[in-house]
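# Geometric and topological summary
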Amino acid sequence: MDRTWNICLSLILPIFAAVYNLIPVFYVYLLRKKEKWVRRSDGKEELKRIISFLPLSDKQKSHVLNRIEEAGIGDERTWMYWLIISKIFPLVLLVLMLISGYRLIDSIVCSAGCYVLPEIWLNRRIKDRKGAFERNAYKIYSFLHTQISSGVKATDAVRGMYEIADHQLIRDCFIRFTARYELTLDLEGSLEIITRSFRGYDGEMMCVCIKQCIDSGSAGKTLLKMEQMMFSKYFNILQTETDKYKTRILITGLIGLSPLIILLCAPMIYEAVSGFMTMITI
């Protein structure tokens, strides 16, 4: 009894200390009433500060931050829930199951499941967000090219990009970009929002085109070429999805016809089996 009490006490004290230190962070994050976009940048700093206490290497911490921001949850309350569920809850569950008397392998399997499922969700969200960007990028290029070519100032055209990027997974990124550029006029810092959210060639080229438009005040050939390229990519995505849907429809049709096929083939199969069994018995 004394040994169990000592174990429980040794677990309760660190948890109590952690909760006591995190209460002010949660209170400030949830209850402060600052301007929306300023609060989002502070949320990013809070995320970095909390991750700095995790027992991970600098490379792993940077990887976690990049993936969370690439998934589009780094500046919302969702990242806090994800961090608790995927990093803290599996460890707590493992300890509680071991104390409760469960086998080590059962505890490890449950804890691993709680760790893997949020990662699967995060990977899926990153993939969906990249897909949404690839489907809508040509609209942004077309909007910039049309606006600037018709005489609209490049800065005004860039400020209206969020209205064209209307997909819910990417719209927030362009709203943050526009808001930061409006407030600070810091183009390089504002473009980092797009670069960090959509890592890779497509995101970098969009930033290059936006910077080129603002610096030169005109729509260059790069903008037109990127519009054509991203539209071709969008069209290829539509073709691929069409082929997938055709395959799914075919499989669904075959599954729907399977009862009828079984009913038609059942008498023939029965006769064949009966004849075979008669030959064996003779």
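What counts, and where the lines are drawn
- Residue positions are counted from 1 within each chain, in the order its sequence is given.
- This being a predicted model, a pLDDT of at least 70 is required before a residue's local features are given, and a value of 80 or more before pairs of side-chain atoms are given or counted; all residues contribute to the totals for chains, interfaces and linings.
- Where side-chain values are given, they derive from all heavy atoms of the structure, hydrogens and water being excluded.
- Here an angle of 0 to 180 degrees is reported between the N-to-C directions of two axes, which are lines fitted to C-alpha atoms, with helices fitted over the stretch in contact.
- Strands here mean DSSP runs of E at least two residues long; helices mean DSSP runs of H or I at least four residues long; both are numbered from the N terminus.
- Orientation categories follow fixed angle ranges, with anything under 35 degrees roughly parallel, anything over 145 roughly antiparallel, 65 to 115 roughly perpendicular, and all other angles oblique.
- We call two residues contacting when some pair of their heavy atoms lies within 4.5 Å.
- Side-chain classes are defined by residue name, with Ala, Val, Leu, Ile, Met, Phe, Trp, Tyr, Cys and Pro counting as nonpolar, Asp, Glu, Lys and Arg as charged, and the others, Gly among them, as polar.
- Here, a salt bridge means any side-chain nitrogen of Lys or Arg that lies within 4 Å of a carboxyl oxygen of Asp or Glu.
- Partly exposed describes any residue whose relative accessible area lies between the buried limit of under 20% and the exposed limit of over 50%, with all areas from a 1.4 Å probe on protein chains only and scaled to the type maximum.
- To define a nonpolar core, start from buried Ala, Val, Leu, Ile, Met, Phe, Trp, Tyr and Cys residues and group those joined through side-chain atoms within 4.5 Å.
- Note on aromatic pairs: the rings of Phe, Tyr and Trp (six-membered ring only in Trp) are paired at centre separations within 6.5 Å, and the planes decide the class, stacked below 30 degrees, edge-to-face beyond 60, tilted for the rest.
- By definition, being over a ring means that NZ of Lys or CZ of Arg is both within 6 Å of the ring centre and within 35 degrees of the ring normal.
- The hand of a helix crossing depends on one turn: near helix anticlockwise from the far one by less than a right angle means left-handed, and clockwise means right-handed.
- For a helix, the expected span equals 1.5 Å multiplied by the number of residues minus one.

Each packed pair of helices is defined by two parameters, the angle between the axes and the distance between the axes. At their nearest, the axes of helix H8 (residues 168-184) and helix H9 (residues 187-197) sit 8 Å apart, and the two run at 170° to each other. When the interaxial angle is binned, H8 and H9 end up roughly antiparallel. Residues Cys 173, Phe 174, Arg 176, Phe 177, Arg 180, Tyr 181 and Thr 184 of H8 form the contact with H9, whose own contacting residues are Leu 187, Gly 189, Ser 190, Leu 191, Ile 193, Ile 194 and Ser 197. Partitioned by chemical class, the residues of the contact of H8 with H9 number eight nonpolar, four polar and two charged.

What follows concerns the pattern of salt bridges. A full pass over the atoms with the stated rule returns 11 salt bridges. Residues Asp 128 and Arg 124 are paired through a salt bridge, measuring 3.6 Å at the closest nitrogen-oxygen approach. With Asp 128 and Arg 124 both in helix H5 (residues 104-149) and four residues apart, this pair spans about one turn of that helix. On the basis of relative accessible area, Asp 128 is assigned to the partly exposed category, the value being 32%. Via salt bridges that share partners, Asp 156, Arg 159 and Glu 182 belong to a single interconnected network.

So, about the nonpolar core. If you look at the biggest cluster of nonpolar residues, it comprises 35 residues, and the most contacted ones within it are Tyr 141, Leu 144, Phe 174, Ile 194, Met 206 and Ile 210. Contributions of two or more residues to this core are made by H5, helix H6 (154-159), H8, H9, helix H10 (201-216) and helix H11 (221-281). It is H5 that contributes the most residues to this core, nine residues altogether. Excluding anything up to four places from it in sequence, Phe 174 contacts Phe 133, Ile 140, Met 161, Tyr 162, Ala 165, Ile 194, Phe 198 and Met 206. Counting residues in each nonpolar core, the second largest holds eight residues, with Val 64, Ala 71, Trp 82 and Ile 126 among its members.

The next thing to look at is the packing of aromatic side chains. This structure, assessed with the given rule, holds six aromatic pairs. By way of ring pairs, the aromatic residues Phe 133, Phe 174 and Phe 198 are connected into one cluster. The ring of Tyr 245 carries Arg 248 above its face, with NZ or CZ at 5.4 Å from the centroid.

Looking now at the packing of H5 against H8. Running from N to C, H5 and H8 cross one another at 65°; their axes reach a closest spacing of 8 Å. What the angle tells us is that H5 and H8 run roughly perpendicular. Crossing of H5 over H8 shows right-handed handedness. On the side of H5, the interface is formed by Arg 125, Asp 128, Arg 129, Ala 132, Phe 133, Asn 136 and Ile 140, while H8 contributes Leu 169, Ile 170, Cys 173, Phe 174 and Arg 176. Along the lines of polarity and charge, the residues of the contact of H5 with H8 split into seven nonpolar, one polar and four charged.

Another point: H10. An ideal rise of 1.5 Å per residue puts 22 Å on 16 residues; H10 measures up with 22 Å between its terminal C-alpha atoms. Among the residues of H10, those classed as buried are Asp 202, Gly 203, Met 205, Met 206, Cys 207, Cys 209, Ile 210, Cys 213 and Ile 214. Looking at the buried residues of H10, the elements they touch are H5, H6, helix H7 (161-164), H8, H9 and H11. One or two residues past the end of H10 sits Gly 217, with phi positive at roughly 75°.

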